[in-house]
Amino acid sequence: MNTIKKILVAGFEPFGGEPVNPALEAIKLLNGRQIDGFEIITRSLPVVKGSSITSIINYVEELDPELVLVVGQSLGYVDIAVERVAINIDDFRIKDNEGNQPIDEPIVIGGPDAYWSTLPIKAMVGHMRAGGIPARVSNTAGTFVCNHLFYGLMHALAREGNKRRGGFIHIPYLPEQAVRLAGQPSMALETIVRGLELAIDAALANKQDIKVTGGTLC
Ligand code: PCA
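S.K.: Quick question: what am I supposed to make of the site of the ligand here?
M.R.: Residues in close proximity to the ligand include Phe12, Phe15, Asn21, Gly72, Gln73, Phe144, Val145, Cys146 and His170, which together make up its full environment. Within the side chain of Asn21, a nitrogen or oxygen atom sits 2.9 Å from an oxygen atom of the ligand. Gln73 is positioned such that a nitrogen or oxygen atom in its backbone is 2.8 Å from an oxygen atom of the ligand. Expressed as a share of its isolated accessible area of 260 Å², the protein-covered part of the ligand is 93%. Residue assignment for the shell around the ligand shows that the elements contributing at least two residues are strand E4 (67-73) and helix H4 (145-159). Tallied by class, the residues present in the shell around the ligand amount to 5 nonpolar, 4 polar and no charged.

Take a look at the structure:
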């Protein structure tokens, strides 16, 4: 019997007219890798209200992972952003991949206003930086499908009693995307993949987060 413990790393499909999503490209390179005795299993997510959440819940049931990390792209980001919080609101500035555009609707009616990531976000940022990868804590995952999925994931994990940890990371565009968009930052795929490995490493090594600031002034 194969008893190796699993980490589920999910990434979003392309959206908004982009031919690729760096999240999907990065996670493809992580599939099957072993880190600290855990095996990384990757899955893709639709950029769609509702079905993105159904997909992640199905993957968690299928794989029974110890830890769940979801990755999405973010235009304009210069570094790898470990998300602190998911909020209970959909306010889509653009349509998702099935044409949905909810405005100011709760993700879960009657659900808590927000869920914190249950990953050690400061330790993950610190470990990436120590490994030479630009990273920071982000205090908002936006109000589009990434926040929607992040909230849905944390709600599902909370309903299981938080027996497994979960969180979300936003990554910059790839150079091949930025080259079409004057003035937008990007990060090489191998840098992103290394950053995700270090982030996972730190998440496994730190059951509790470290006490350093990840805050911002407004
Ligand atoms: N980024 C979008 C949705 C999918 C993705 O990769 C977001 O930040 O909401």
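After that view, the rundown keeps rolling.
S.K.: What is the right way to look at the sheet that holds strand E2 (residues 34-35) in this model?
M.R.: Sheet strands pair by backbone hydrogen bonding; their relative direction is either parallel or antiparallel. Taken together, 7 strands build an open sheet; the order of strands is E2-E3-E1-E4-E11-E5-E10 and the sheet is mixed. In this open sheet, the two edge strands, each paired with only one partner strand, are E2 and strand E10 (135-138). In this sheet, strand E11 (residues 165-171) lies alongside E4 in parallel orientation, the contact comprising 7 bridges. If you follow Val68 over to E11, its bridge partner there is Gly166. Packed onto the sheet, helix H3 (residues 121-130) meets strand E5 (80-83), E10 and E11 and runs at close to 160 degrees relative to E10. On top of the sheet, helix H6 (residues 189-205) reaches strand E1 (5-12), E2, strand E3 (38-45), E4, E5 and E11; it is set at about 160 degrees to E11, its chief contact.

Cut-offs used in this document
- Counting restarts for each chain: residues are numbered from 1 in the order of the written sequence.
- Given that the model is predicted, a residue must reach a pLDDT of at least 70 before its local features are reported, and side-chain atom pairs must reach 80 or more before they are shown or counted; all residues, however, enter totals for whole chains, interfaces and linings.
- Working from all heavy atoms in the structure, the side-chain values ignore hydrogens and water.
- Being near a molecule or strand, for a residue, means having at least one of its heavy atoms within 4 Å of it.
- We call two N or O atoms a polar contact when they sit within 3.5 Å, provided that within protein one can donate a hydrogen and the other can accept it, with sequence-adjacent residues counted only if both atoms are side-chain atoms.
- For accessible areas, the Shrake-Rupley method is used with a probe of radius 1.4 Å. Any residue's cover is judged against the shown protein chains and nothing else.
- Numbered from the N terminus, helices here are DSSP runs of H or I no shorter than four residues, and strands are runs of E no shorter than two.
- The nonpolar class holds Ala, Val, Leu, Ile, Met, Phe, Trp, Tyr, Cys and Pro. Asp, Glu, Lys and Arg form the charged class, and all remaining residues, Gly among them, are polar.
- Being paired, for any two strands, means DSSP has found at least two bridges between them.
- Whether two residues are in contact is decided by their heavy atoms, any of which lying within 4.5 Å being enough.
- All axes here are fitted lines through C-alpha atoms, helices being fitted over the stretch that makes contact, and every angle between N-to-C directions spans 0 to 180 degrees.

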